[in-house]
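As a plain string of letters, each chain reads:
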Amino acid sequence: MALSERSSVQGSVKEVLREFQVSFFALTRLPSFPWTFVEKDLQSSGSSELISQVLKQTCLHPLCRKFPPSVRYRRLFLSQLIRRLEASGCEPLDELYDALAEVVGAEETMECYKSYLLPAGGAVSLMENIALISEGTTGLVTWEAALYLAEWALENQQVFTGRTVLELGSGAGLTGIAVCRSCSPKRFIFSDCHSTVLQKLRDNVRLNGLSEQTTPAVSVEKLDWTAISEEELREIGADVIIAADLELKQIPVVCRGADVVYDPDIAGSLAKLLSIVLRCSSAEGLPQVFICSTIRNLETYGGFKQQLEAEGVGHEVIPAPVNHVFPYNRQSAIELIKLRR
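Everything numeric in this text was worked out from a predicted model, so none of it was measured. (Residues numbered from 1 in each chain as written. Predicted model: local features only at pLDDT ≥ 70, side-chain atom pairs only at ≥ 80, totals over all residues. Heavy atoms only, no water.)

Two elements in contact, helix H3 (residues 49-57) and helix H5 (residues 71-88), have axes whose closest approach is 11 Å; the angle formed by their N-to-C orientations is 170°. As summarised for this structure, H3 and H5 are arranged roughly antiparallel, according to the angle between their axes. Here Ile-51, Val-54 and Leu-55 of H3 come into contact with H5, specifically with Phe-77, Leu-78, Leu-81 and Leu-85. When the residues that make up the contact of H3 with H5 are grouped by side-chain class, the tally is seven nonpolar, no polar and no charged. (Axes fitted to C-alpha atoms, helices over the stretch in contact; angles between N-to-C directions. Helix = DSSP H or I, 4+ residues; strand = E, 2+ residues; numbered from the N terminus. Parallel < 35°, antiparallel > 145°, perpendicular 65-115°, else oblique. Contact = heavy atoms within 4.5 Å. Nonpolar A, V, L, I, M, F, W, Y, C, P; charged D, E, K, R; others polar.)

Structure (structure tokens):
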């Protein structure tokens, strides 16, 4: 094989291993993994070396020991590796079967870790709830808009550097922790209103080594947008305010099969809050406010924008992030807007 061809193959293997690692720790759907590449490599090489490398980047990686994905997910993932290895007729891997033996029979819980790998190294690791809706709230899981907003933040770090940042409806904490780890804010305030979400949020913030004593200094605050006053917002003194799928937080939810139906009446309270936010200037002037939403219902989202206009709040649509850092469904309609008066 020519040197250029060998380099190309090595580059492809490196990319595939990275894709496996990123997808595995984020608990991405297993059919989306690059299995075809693995199958072709097993057939052409007659060696289980690639399977061994995949294993080292996933189940045997130190991150998996520290923040393991769910037991069921690891079991299904290992079963997929074993099925392909056995179908190829390659030499069995003892460490692969040892890894499966470790998770077979292990107790499954309603909570598990998800880890989102950052481009500059390290990861944001979160304890999340396996159920979509738990204890009356949707805030115990990471929504796609939070991942989209985090990707945008990574590409626009100057927006946050040296600033005081307030996040409304922080949920599990993915976006805020990514900003703290990569964008060098001066101070970051996480907020939510649901007591269970707040406790999990505090746990996740600590899990990632952030506190009032770190740089940036961080805090987790209870903030109910139907009750907070303009004076309280001024005391926070945020230069930048961000939120993802905010219109889905702090509201009653109803399940209909696989659907989650959200009460659109919350849009009025949300628009009032954002209008107040834009009046709360800091030493740097008026705060920059960014709202990221997954558009599940055009009528509901359009109604939210109408409520903003009724409160005297305009907006501009911000271009999507270019780099795909985190795995999520990119077919979803997601929009990031910057508010203005």
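Moving on, there is more to tell.
All right, on to the sheet that holds strand S5 (residues 217-222) then. Sheet strands pair via backbone hydrogen bonds, and the direction of the pair is either parallel or antiparallel. Read across the open sheet, the seven strands follow the order S5-S4-S3-S6-S9-S11-S10; overall the sheet is mixed. Two strands lie at the open edges of the sheet, namely S5 and strand S10 (314-318), each paired on one side alone. Sheet twist, expressed as the mean angle between neighbouring strand axes with direction ignored, is 20°. Relative to strand S9 (residues 288-294), helix H7 (residues 144-155) is tilted by about 140°, and along the sheet it contacts strand S6 (240-244), S9, S10 and strand S11 (334-340). This element, helix H12 (residues 298-310), spans S9, S10 and S11 of the sheet and lies at about 5° to S11. (Pairing = 2+ DSSP bridges.)

What follows is about helix H9 (residues 195-207). Since the α-helix advances by 3.6 residues per turn, residues separated by three or four positions end up pointing in the same direction. In this model, H9 (13 residues) spans 18 Å end to end at C-alpha, consistent with the 18 Å of a helix rising 1.5 Å per residue. For H9, the full list of buried residues reads Val-197, Leu-198, Lys-200, Leu-201, Asn-204 and Val-205. What you see down the axis of H9 is that its buried residues fit within an arc of 165°, all on one side. In H9, the exposed positions angled more than 90 degrees off the buried face are occupied by Ser-195 and Arg-206. Looking at the buried residues of H9, the elements they touch are strand S1 (111-117), strand S2 (123-129), helix H8 (174-182), strand S4 (187-192) and S5. Just downstream of H9 lies Gly-209, where phi reads positive at about 75°. (Expected span 1.5 Å × (residues − 1). Buried < 20%, exposed > 50% of the residue type's maximum accessible area, 1.4 Å probe, protein only. Arc of directions from axis to C-beta.)

Turning next to the pairing of S9. Regular strands have side chains that alternate between both faces of the sheet. Across the seven residues of S9, six count as buried, placing the element largely inside the fold. Relative to S9, S6 runs parallel, the two sharing five bridges. By the bridge assignment, Ile-242 is partnered in S9 with Phe-290. With five bridges joining them, S9 and S11 adopt antiparallel strand pairing. Across the sheet, Ser-293 pairs through a bridge with Glu-335, a residue of S11.

Between H7 and H8, whose axes approach to 8 Å, the crossing angle comes to 15°. Between H7 and H8, the angle falls in the class roughly parallel. Classified by chirality, the crossing of H8 by H7 is right-handed. Of the residues in H8, those touching H7 at Ala-146, Leu-147, Leu-149, Ala-150, Ala-153 and Leu-154 are Leu-174, Thr-175, Ala-178, Val-179 and Ser-182. (Left-handed = near helix turned anticlockwise from the far one by under 90°.)

Now for H12. With 13 residues, H12 should cover 18 Å at 1.5 Å per step; its first-to-last C-alpha distance of 18 Å lies within 8% of that length. Where H12 is concerned, the buried positions are Tyr-301, Phe-304, Lys-305 and Leu-308. Projected down its long axis, H12 carries its buried residues within an arc of 95°, all on one side. Turned more than 90 degrees away from the buried face of H12, the exposed residues are Glu-299, Gln-306, Glu-309 and Ala-310. Capping the start of H12 is the job of one residue whose side-chain oxygen sits 2.9 Å from the backbone nitrogen of Glu-299: Asn-297. (Polar contact = N/O pair within 3.5 Å; in protein donor to acceptor, adjacent residues only side chain to side chain.)

A separate point is the environment of Ser-23. You can see Ser-23 is positioned in helix H1 (residues 3-25). Separated by eleven residues in the primary sequence, Ser-23 and Pro-34 have C-alpha atoms spaced 10.0 Å apart. Not counting chain neighbours up to four residues away, the residues in contact with Ser-23 comprise Thr-28, Phe-33, Tyr-73 and Pro-327.

Further remarks concern unusual backbone geometry. Of note, the bond from Thr-215 into Pro-216 is cis; its omega dihedral lies within 30 degrees of zero at 0°. Relative to the helices and strands, Pro-216 is located in the loop between H9 and S5. Non-glycine residue Leu-27 carries a positive phi angle of around 55°. The topology assignment puts Leu-27 in the loop between H1 and helix H2 (35-45).

Scanning the model with the defined rule gives 15 aromatic pairs in all. Judged by centre distance (4.6 Å) and plane angle (50°), the rings of Phe-188 and Phe-190 are tilted. The pair Phe-188 / Phe-190 is uniform in exposure class, with both members buried. An aromatic cluster of three or more residues is present, and its members are Phe-20, Phe-24, Phe-25, Phe-33, Trp-35, Tyr-73 and Phe-77. Sitting above the plane of the Tyr-328 ring, Arg-330 keeps its charged end 4.1 Å from the centroid. (Phe/Tyr/Trp six-rings, centres within 6.5 Å; stacked < 30°, edge-to-face > 60°. Lys NZ or Arg CZ within 6 Å of the ring centre and 35° of its normal.)

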